[in-house]
Amino acid sequence: MIIQGVALLAFCTLVGAYVGDLIGILIGVKANVGGVGVAMALLIAARYALMKQGRLSEGLKGGVSFWSMMYIPIVVAMAAQQNVVAAVRGGPMVLIAGTLVVAVSFALVRVLGGRSASPGAGS
Amino acid sequence: MIETLEKILLSQGLLAAFVIVGVIMLVSDAVSRTLTRGRIHPSAIAIVIGLCLAYLGGRASGGEKGLADISYFSGVGLLGGAMLRDFAIVATAFEVDIREAGRAGLVGAASILIGVLAPFVLGAGVAHAFGYSDAVSMTTIGAGAVTYIVGPVTGAALGASSDVMALSIATGVLKAVLVMVATPALAPLIGLDNPRSAMIFGGVMGTTSGVTAGLAATDPKLVPYGALTSTFYTGVGCLLGPSALFLAVRAVTGG
């Protein structure tokens, strides 16, 4: 049933949010720490468990995959509600800091990724 | 007649948002195929259109939530809000290959630490160069260069002034926007084409909105791997910003 997939996904997301908030409180931080990561781990574990028991139905998969395919439209809606005006208005300091940070971060990804060291990378 | 339409758009905002985003995707697809001959991914174009609408919406309403501050488009705020965003990100994990995720575990964790420290140092340095030379302002603006959540959380904890807070948030928003837009173009240069590099990318960039939107426009299969590391980034930033990083800045500046 499709609702089983949606329910499983919602359950994992809620438990993740709860655990993430608890971790935040535990280490004294006003933020959710790793909530989405915990939820993802739960969902992956649930998928393996259901697969072993032979209970991973097409409907259940469909309930989850619908939302994973809605991801890009949701990101577009997210982009449409960013405070772009503030980013533009911030002036030269914001422009320099933001651009510099992003440029250096991209370079860091390349260094840390060590292109040749990753076996999956195309040459 | 107009009033009836207004009432429906207001009370059924989420459905209106589905239509708006559907139209944006359709336009993006056409633009991608005709104007760029498929070279620029439709998602990237859709995100840029979304950002432009956010700018127009912000100018028109004077609010902070872009298009979502215009009442007819408030449903966009629900569709693109934290709840459905996290719901959909978690859903993408269904296809994650855990062996791939495990292989990048250590370098992924290292990338988060480096990814928080580097923008903080750069942000604080630029702040200093522009005359914000007290430890609280430097830390707050540096934290904003981490993400636009770490910035205000740190600034609030340290008691930063409101103009410094605004600069801090603006720096974080600009970072998110630049990551969204630049990732598809720069992906080939930084080897961003496999789960391992996506996890490093998520850890270094950290801004969840920038990372996931940038990866979606590059290769949707990479989204869950980037999200897996970036979800810890803001937490690490909020942990270090008002504590260790502030103490380090104060030790360097002496006040």
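Residues numbered from 1 in each chain as written. Chains lettered and ligands numbered in written order. Predicted model: local features only at pLDDT ≥ 70, side-chain atom pairs only at ≥ 80, totals over all residues. Heavy atoms only, no water.

Draft legend 1. The arrangement of the domain arrangement of chain B in detail. Residues and elements named next belong to chain B. By the assigned domains, chain B splits into domain 1 (2-80) and domain 2 (97-253). For domain 1 and domain 2, the distance between their C-alpha centres works out to 26 Å. Contact with domain 1, which involves six residues of that partner, is made by seven residues of domain 2. With both sides pooled, the region where domain 1 packs onto domain 2 buries about 490 Å², and carbon together with sulfur makes up 84% of that total. It is H41, I47 and L51 in domain 1 that bury the most area against domain 2; as a group they hold 71% of the surface buried on that side. Seen at the junction of domain 1 and domain 2, the total is zero salt bridges. Where domain 1 meets domain 2, there are zero residue pairs in polar contact (both at pLDDT 80 or more). When grouped by side-chain class, the residues that make up the side of domain 1 that touches domain 2 number four nonpolar, two polar and no charged. (Domains from an automatic or database assignment. Contact = heavy atoms within 4.5 Å. Buried area = accessible area lost by both parts, 1.4 Å probe. Salt bridge = Lys/Arg side-chain N within 4 Å of Asp/Glu carboxyl O. Polar contact = N/O pair within 3.5 Å; in protein donor to acceptor, adjacent residues only side chain to side chain. Nonpolar A, V, L, I, M, F, W, Y, C, P; charged D, E, K, R; others polar.)

Draft legend 2. View of helix α1 (residues 2-26) of chain A. Relative to the 36 Å expected for 25 residues at 1.5 Å per residue, α1 of chain A spans 36 Å between its end C-alpha atoms, a close match to the ideal helical length. Along α1 of chain A, the residues classified as buried are G5, L8, L9, C12, T13, G16, G20 and G24 of chain A. The inward-facing, buried residues of α1 of chain A contact α2 (35-52) and α3 (58-69) of chain A together with α5 (82-92) of chain B. Backbone geometry just after α1 of chain A places G28 of chain A at a positive phi near 70°. (Helix = DSSP H or I, 4+ residues; strand = E, 2+ residues; numbered from the N terminus. Expected span 1.5 Å × (residues − 1). Buried < 20%, exposed > 50% of the residue type's maximum accessible area, 1.4 Å probe, protein only.)

Draft legend 3. Fine view of the packing of helix α2 (residues 13-34) of chain B against helix α3 (residues 42-61) of chain B. Residue and element names in this part refer to chain B. Remark: α2 packs on α3, axes separated minimally by 8 Å, with the N-to-C direction vectors making an angle of 125°. Viewed along their axes, α2 and α3 adopt a mutual orientation that is oblique. Here α2 and α3 pass one another in a crossing that is right-handed. Each of I24, M25, V27, S28, D29, V31 and S32 in α2 lies in contact with α3, whose residues at this interface are P42, I45, A46, I49 and L53. For the contact of α2 with α3, the residue count by class is nine nonpolar, two polar and one charged. (Axes fitted to C-alpha atoms, helices over the stretch in contact; angles between N-to-C directions. Parallel < 35°, antiparallel > 145°, perpendicular 65-115°, else oblique. Left-handed = near helix turned anticlockwise from the far one by under 90°.)

Draft legend 4. Region of interest: the confidence of the model for chain A. Across chain A, the average pLDDT comes to 84, with 90% of residues at 70 or higher. Here residues 116-123 of chain A is modelled with pLDDT under 50, and outside its nearest four sequence neighbours on either side it reaches ten contacts, counting other chains as well. (pLDDT = per-residue confidence, 0-100.)

Draft legend 5. Representation of the packing of helix α4 (residues 71-79) of chain A against α2 of chain B. Two elements in contact, α4 of chain A and α2 of chain B, have axes whose closest approach is 10 Å; the angle formed by their N-to-C orientations is 100°. Classed by the angle they form, the pair α4 of chain A and α2 of chain B counts as roughly perpendicular. In this structure, α4 of chain A contributes I72, P73, V76 and A77 of chain A to the contact, and α2 of chain B contributes V21, I24 and M25 of chain B. Here the residues of the contact of α4 of chain A with α2 of chain B are counted per class, giving seven nonpolar, no polar and no charged.

Draft legend 6. Fine view of the interface of chain A and chain B. Listed as interface residues are 70 residues of chain A and, on the opposing side, 91 residues of chain B. Both sides of the chain A and chain B interface together cover about 7200 Å² of buried area, and 81% of this is carbon and sulfur. Sorting the residues of chain A by area buried against chain B places Y71, M93 and F106 of chain A first, and these three jointly supply 11% of that buried surface. Inspection of the region where chain A meets chain B yields eight residue pairs in polar contact (both at pLDDT 80 or more). The greatest single-element share of the side of chain A that touches chain B, amounting to 19 residues, is contributed by helix α6 (residues 91-113) of chain A. Across the side of chain A that touches chain B, the residue classes break down as 49 nonpolar, 16 polar and five charged.

Draft legend 7. Layout of the packing of aromatic side chains. Inspection of every chain in the model, using the stated rule, returns three aromatic pairs over all chains. With a centroid separation of 5.4 Å and an interplanar angle of 85°, the aromatic rings of F66 of chain A and W67 of chain A are classed as edge-to-face. Between W67 of chain A and F87 of chain B the ring centres are 5.0 Å apart and the planes differ by 65°, which places this aromatic pair in the edge-to-face class. Remark: F87 of chain B occurs in helix α5 and W67 of chain A occurs in helix α3; the pair is interchain, linking two chains. (Phe/Tyr/Trp six-rings, centres within 6.5 Å; stacked < 30°, edge-to-face > 60°.)

Draft legend 8. Local environment of the pattern of salt bridges. Under the defined criterion, the tally for this structure stands at three salt bridges over all chains. K61 of chain A is the partner of E58 of chain A in a salt bridge, and the nearest nitrogen-oxygen pair spans 3.4 Å. You can see E58 of chain A and its partner K61 of chain A sitting in helix α3, three residues apart, about one turn around the helix. Where D86 of chain B meets R85 of chain B, a salt bridge forms, and the shortest distance between an N and an O atom there is 3.2 Å. Accessibility classification places D86 of chain B together with R85 of chain B in one group, the buried group.

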